[in-house]
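Next come the chains, spelled out residue by residue.
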Amino acid sequence: MNDVDVEIINDHTLRKYSKTKNGYKRLSRELLVLKELATSQHTPDLIDHKDDGLSMSIDMSIINGQSAKEWLEIDAEYDVQPIDWLAAKKRLGQYVKAEMDLLSRHAMYRDLNLEHLLFTQ
């Protein structure tokens, strides 16, 4: 992510800011999505944003949880061990609930990054 940097502001807020023209375009799209999904419990809350036409920053809430990559214990070669069914069933249920919420809002995450899929309480 050379076009965008992420900075933790405090325990509850992170800031993404553009470093290049492509980063500006990327954050412009992300801002539109965050606004569109503002009422979803499955996306971070938009706190603030700044846009001077050349660079942009977005402040959003931090979602604390365990990523799917951590939960599945995926290593660099994408090797995983079998998972207990009851644990997998619970997480799959959470994932389906979130995915259905986003789909009902006409949003689809087309580039699923297992580090961005967070499971919380």
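Residues numbered from 1 in each chain as written. Predicted model: local features only at pLDDT ≥ 70, side-chain atom pairs only at ≥ 80, totals over all residues. Heavy atoms only, no water.

The end-to-end C-alpha distance of helix α3 (residues 85-104), which contains 20 residues, comes to 28 Å, matching closely the 28 Å that a straight helix rising 1.5 Å per residue would cover. Within the span of α3, buried status applies to A88, R91, A98, E99, D101 and L102. Considered in projection along α3, the buried side chains sweep an arc of 160 degrees and stay on one side of the axis. Exposed side of α3, more than 90 degrees from the buried face: W85, L86, K89, K90, K97, M100 and S104 are the residues found there. Its side-chain oxygen 3.3 Å from the backbone nitrogen of L86, D84 forms the N-cap of α3. Positioned one or two residues after α3, H106 has a phi angle of 65 degrees, which is positive. (Helix = DSSP H or I, 4+ residues; strand = E, 2+ residues; numbered from the N terminus. Expected span 1.5 Å × (residues − 1). Buried < 20%, exposed > 50% of the residue type's maximum accessible area, 1.4 Å probe, protein only. Arc of directions from axis to C-beta. Polar contact = N/O pair within 3.5 Å; in protein donor to acceptor, adjacent residues only side chain to side chain.)

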